[in-house]
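One-letter residues, chain by chain:
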Amino acid sequence: IAAGRLSYFLGLQGPCLSIDTACSSSAVSVHLAVQSLRQRECNLALAGGVNLILAPEPTIIFCRGRMLSFDRSCKTFDAAADGYVRGEGCGMVLLKRLSDAQADGDRVLALIRGSAVNQDGRSSGLTAPNGVAQEAVLRSGLNNAGVKPSQVGYVEAHGTGTALGDPIEMRALNAVIGAGHDRENPLWVGSVKTNFGHLEAAAGIASLMKAILVCQYRQIPPHLHFTNPSPHIPWDTMSIRVPTSSIPLPEGIEGPMVGVSSFGFSGT
């Protein structure tokens, strides 16, 4: 009932719900908030997530399952990737329809063009992503936004820093969005998890906030702990590159455009 108590405290009366799709929870909350605004169920929405590590049991379970990085650094897309790093954090965004924000004289930080959600369905295991499902949700998101793959200059990946999940995500990104790029005009991909770890339920909103900052400053920050590209990712056949230093964000005809890729080990 956490979301309901916040609405009580703030006096909000629009749609109010808590989302639990594991690591993609806060991203799904943004998706549902956008839908609610489009359907005019509300005129303003707060969406986001929070993650606090308050008990030892989950960390003990993850350690026993060998899911966490041995040296406590997130090495997404690197050959040394050996697991994720638990992090704490909170993030919220305030969403309005663009026409309303402009009429009210609000400072608009970014425009969400579209989004999509799906499920892995049956895969090889709880923590094993489904590449076909990931490609499908990327295509749906582009279609919902009315955006071509070639218009997307950067994708903020889920990128947990695992030897299994990272290659699956990169292959899906290359197949769908990389198809609109080539070696001379690559798709840049990074992950904020290399900065402060995996915020679990709040991971998606952290990725969205980084994407907004990338658009605002027209700069892609360096992706950390990337020294030896993972041998499980076919870099030579991909139109994807990982920035190791700050680079300008490629701008298309309609201005800068970035994507956010977020998954949960629930399969959503």
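This section reports on the structure supplied with the text. Counting from 1, residues in each chain are numbered in the order their sequence is written. The model is predicted, so local features are restricted to residues of pLDDT at least 70 and side-chain atom pairs to those at 80 or more, both for listing and for counting; the totals for chains, interfaces and linings are taken over all residues. With hydrogens and water stripped out, all remaining heavy atoms of the structure feed into the side-chain values.

With respect to the overall build of the protein
At step 1: When helices and strands are counted, the protein shows eight helices and ten strands.
At step 2: The globule rule used for comparison is 2.2 Å times the number of residues to the exponent 0.38, while the radius of gyration itself is calculated over C-alpha atoms. Against the globule reference of 18 Å for 268 residues, the protein gives a C-alpha radius of gyration of 18 Å, in line with a compact fold.
At step 3: With respect to the principal axes defined by its C-alpha atoms, the protein has extents near 50 × 50 × 35 Å.
At step 4: Residues counted as buried form 47% of the 268 residues belonging to the protein.
At step 5: By sequence separation, contacts in the protein at least 24 residues apart represent 77% of the contacts at least 6 residues apart.
At step 6: The accessible surface values rely on the Shrake-Rupley method and a 1.4 Å probe; as for residues, cover is taken only from the protein chains in view. Summing over all exposed atoms, the protein offers an accessible surface of approximately 14100 Å²; the carbon and sulfur share of this is 56%.
At step 7: In this charge count, Lys and Arg are treated as positive and Asp and Glu as negative; neither His nor the chain ends contribute. Here the site of a charge means atom NZ of a Lys, CZ of an Arg, CG of an Asp or CD of a Glu. Charge-centre separation for the protein: the mean point of 21 positive side chains lies 2 Å from the mean point of 21 negative side chains. Secondary structure elements follow DSSP: runs of H or I of four or more residues count as helices, runs of E of two or more count as strands, with numbering from the N terminus. Partly exposed residues are those whose accessible area sits between 20% and 50% of the maximum for their type, while under 20% is buried and over 50% is exposed, using a 1.4 Å probe and protein chains only. Only heavy atoms enter the contact rule, under which two residues are in contact if any of them lie within 4.5 Å.

Brief notes about the packing of helix α5 (residues 131–145) against helix α6 (residues 165–176)
At step 1: Across the interface, α5 lies against α6 with an axial gap of 9 Å and an inter-helix angle of 40°. Here α5 is positioned oblique relative to α6, judged by the angle of their axes. In the crossing of α5 with α6, the sense of the turn from one axis to the other is right-handed. Contacts from Gly131, Gln134, Glu135, Leu138, Arg139 and Leu142 in α5 reach Ile168, Glu169, Ala172, Leu173, Ala175 and Val176 in α6. Under this scheme, a helix contributes an axis fitted over its contacting stretch, all axes are lines through C-alpha atoms, and angles between N-to-C directions fall in the 0 to 180 degree range. For classification purposes, an angle smaller than 35 degrees is called roughly parallel, one larger than 145 roughly antiparallel, one from 65 to 115 roughly perpendicular, and anything else oblique. Here is the rule for handedness: rotate from the far helix to the near one, and if that takes an anticlockwise turn smaller than a right angle the crossing is left-handed, while a clockwise turn gives right-handed.

Regarding the pairing of strand β1 (residues 45–51)
At step 1: With five of seven residues buried, β1 lies mostly within the body of the structure.
At step 2: For β1 and strand β2 (residues 89–95), the ladder comprises seven bridges, and the chain directions are antiparallel. Bridging from a neighbouring strand, Asn51 pairs with Gly89 of β2. Here, any two strands with at least 2 DSSP bridges between them count as paired.

Some details on the nonpolar core
At step 1: Within the largest apolar cluster, 22 residues are counted, with the highest numbers of intra-cluster contacts made by Phe77, Met170, Leu173, Ile177 and Val189.
At step 2: Contributing elements (two or more residues each) for this core: α5, α6 and β4 (187–190).
At step 3: The leading source of residues in this core is α6, at four residues.
At step 4: Beyond its immediate sequence surroundings of up to four residues, Leu173 is in contact with Leu138, Val155, Ala157, Gly178, Leu187, Val189, Ile240 and Ser261.
At step 5: To define a nonpolar core, start from buried Ala, Val, Leu, Ile, Met, Phe, Trp, Tyr and Cys residues and group those joined through side-chain atoms within 4.5 Å. Of all hydrophobic cores here, the second largest spans 16 residues; its members include Ala45, Leu95, Leu208 and Ile212.

What to know about the packing of helix α2 (residues 25–38) against helix α8 (residues 203–217)
At step 1: At their nearest, the axes of α2 and α8 sit 4 Å apart, and the two run at 65° to each other. By the angle class used here, α2 and α8 are roughly perpendicular. Side by side, α2 and α8 meet where Ser26, Ala27 and Val30 of the first sit next to Ala203, Gly204, Ile205 and Leu208 of the second.
At step 2: Polarity classes work like this: nonpolar for Ala, Val, Leu, Ile, Met, Phe, Trp, Tyr, Cys and Pro, charged for Asp, Glu, Lys and Arg, and polar for all others, with Gly in that last group. Classifying every residue of the contact of α2 with α8 gives five nonpolar, two polar and no charged.

So, the side chain of Lys193
At step 1: Within the secondary structure layout, Lys193 lies in helix α7 (residues 193–196).
At step 2: Any carboxyl oxygen of Asp or Glu within 4 Å of a side-chain nitrogen of Lys or Arg constitutes a salt bridge here. The buried charged residue Lys193 lacks any salt bridge partner; its closest oppositely charged side chain belongs to Glu156, at an N-O distance of 6.1 Å.
At step 3: In this structure the side chain of Lys193 is engaged in a polar contact, spanning 2.7 Å, whose partner is the backbone oxygen of His158. A 3.5 Å cut-off defines polar contacts: any pair of N or O atoms within that distance qualifies, except that in protein one atom must be a possible hydrogen donor and the other a possible acceptor, and neighbouring residues in sequence count only when both atoms are side-chain atoms.

Focus: the environment of Ala175
At step 1: Structurally, the position occupied by Ala175 is in helix α6.
At step 2: For the pair Ala175 and Cys90, spaced 85 residues apart in sequence, the C-alpha separation works out to 32 Å.
At step 3: Those residues within four positions of Ala175 in sequence are excluded, and the remaining contacts are Glu135 and Arg139.

Topic: the environment of Asp100
At step 1: Tracing the chain through its elements places Asp100 in helix α4 (residues 98–103).
At step 2: Since its relative accessible area comes to 23%, Asp100 is described here as partly exposed.
At step 3: Asp100 sits 125 residues away from His225 along the chain, and the two C-alpha atoms are 42 Å apart.

Coordinates in, geometry out; function isn't part of it.
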